[in-house]
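Structural features, examined
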Amino acid sequence: LFRAETKRQKGQHGTNSHVHRDILSQSQMKMTPQSDDTHYQDLIEPIKSFKGHTSPVTQIAAIDQNCFISSSWDTTVRMWSAVTGECIRTFRGHRDWVHAISVLDNKHFISGSDDRTIKLWNVEQDGCVHTFKGHSSFVKALAPRDADRFLSGSRDRTIKLFSLTSGECLQTFEGHMDVVSTIVALGSHHFASGSHDNNIKYWNDSSRTCVRTLFGHTGSIKTLAAVSDNEIVSGSDDKMIRLWNVSTGKCLREFGSKTSLVFSVTYICEGFFLSCGGSNIKLYHIPSGTCVKSYETPRISLAVVRLDDERFVTGSDQMLHLW
């Protein structure tokens, strides 16, 4: 099925389809029997491992193809070279666990912490550029909105829209009944948020309203990823991943077998996304709803981010691994 889809897309998109072929071409991996919902399952070891954090890694974000950042319970954010495996810089300033990071451009990123603040950083400087305040509890989620604004979600059950220029909170969105754990921007006027109240909300930030609530998950929403301006994938503590049309509020497809944890999902290229949880990293094909490849790792993976068409990074306890 996967090869047929690849061939079809090659006919439509020309050489761009090599991205899809390359994702599955890992001839050095040892093949193991497939799982109940997986076409391929490989026991793999990472290309490179990164040591430096002294507590569990919470999130990872790519600066570019050869550089990424990670946040941790050790209150720091670290920047790494995917080429050398070295820690390029350590960003210190938060007074409590750092749960969220989001890249704004190739020079700047923001971090959110249990110290209730959000900090703006320049990757070429050690010190914090600016600190944003306003949440009354832990900051759990961040997402860039545009060149001058970003969104933050908190255990205080609110979402705030901040201005990078003024440092002020421009809007506060209320509606969730529990921790706001994940946010994703959709188009120029909308975004989606996931919460420990088991629900996903679709917002219009121009009208400052919740357009609709997406019901279906039976566990806390852990992660969201945008497939397009109208479609998102969500991962939950109910061990399911769902594809949604946010314009209609309908769940279009379910992924998974209700046996694997879902800590993080990331959209990697047209028609495919990665999920991680427990000791499995899975590659899903969205149009068919099929898990086309499952990587069995010897370590529990808590977060995953794509570096390029062939490589991705995961966080596991105090370590990071390049695959």
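The text that follows walks through the structure, step by step, so that each part is easy to find. Just so it is clear, the structure is predicted and the values come from calculations on it, not from any experiment.

**Some points on the sheet that holds strand β16 (residues 180-186)**
- Read across the sheet, 4 strands follow the order β16-β17-β18-β19 without closing on themselves; strand pairing throughout is antiparallel. Every other strand in the sheet has two partners, leaving β16 and β19 (209-214) as the edge strands with one partner each. On average, each strand axis in the sheet is tilted by 25 degrees relative to the strand beside it, whichever way the strands run.
- Pairing of strand β17 (residues 190-195) with strand β18 (residues 200-204) involves 5 bridges; the strand directions are antiparallel. Considered in β18, the bridge of Gly 194 is made with Ile 200.

**Re the layout of surface pockets**
- In this model, the largest pocket occupies a volume close to 1,400 Å³.
- The wall of the largest pocket is formed by 45 residues, among which Gln 59, Thr 182, Thr 223, Leu 224 and Ser 264 lie closest to the centre.
- Secondary-structure elements contributing two or more residues to the lining of the largest pocket are β4 (57-64), β8 (98-103), β12 (139-144), β16, β20 (221-226), β24 (264-269) and β28 (303-306).
- Per element, the largest residue contribution to the lining of the largest pocket is 8 residues, and it comes from β4.

**A closer look at the packing of aromatic side chains**
- Counted by the stated rule, this structure contains 16 aromatic pairs.
- A centroid spacing of 6.2 Å and a plane angle of 15 degrees characterise the contact between Phe 109 and Trp 121, whose relative ring orientation is stacked. Here Phe 109, found in strand β9 (residues 108-113), pairs with Trp 121, found in strand β10 (residues 118-122); they are 12 residues apart in sequence, far enough to count as distant.
- With a relative accessible area of 0%, Phe 109 lands in the buried category.
- Taking 5.2 Å as the distance between ring centres and 80 degrees as the angle between the ring planes, the aromatic pair formed by Phe 173 and Phe 191 counts as edge-to-face. You can see Phe 173 sitting in strand β15 (residues 169-174) and its partner Phe 191 sitting in strand β17, a full 18 residues away along the chain.
- The lysine or arginine in question, Arg 155, covers the ring of Phe 138, its NZ or CZ lying 4.2 Å from the ring centre.

Cut-offs and rules
Residues numbered from 1 in each chain as written. Predicted model: local features only at pLDDT ≥ 70, side-chain atom pairs only at ≥ 80, totals over all residues. Heavy atoms only, no water. Pairing = 2+ DSSP bridges. Helix = DSSP H or I, 4+ residues; strand = E, 2+ residues; numbered from the N terminus. Axes fitted to C-alpha atoms, helices over the stretch in contact; angles between N-to-C directions. 1 Å grid on protein atoms, 1.4 Å probe; cavity = no way out; pocket = protein on both sides within 12 Å on 5 of 7 lines; lining within 4 Å. Points joined across faces, edges and corners; volume = space filled by probe spheres on them. Phe/Tyr/Trp six-rings, centres within 6.5 Å; stacked < 30°, edge-to-face > 60°. Buried < 20%, exposed > 50% of the residue type's maximum accessible area, 1.4 Å probe, protein only. Lys NZ or Arg CZ within 6 Å of the ring centre and 35° of its normal.

Such coordinate-based values are descriptive only and should not be taken to indicate function.
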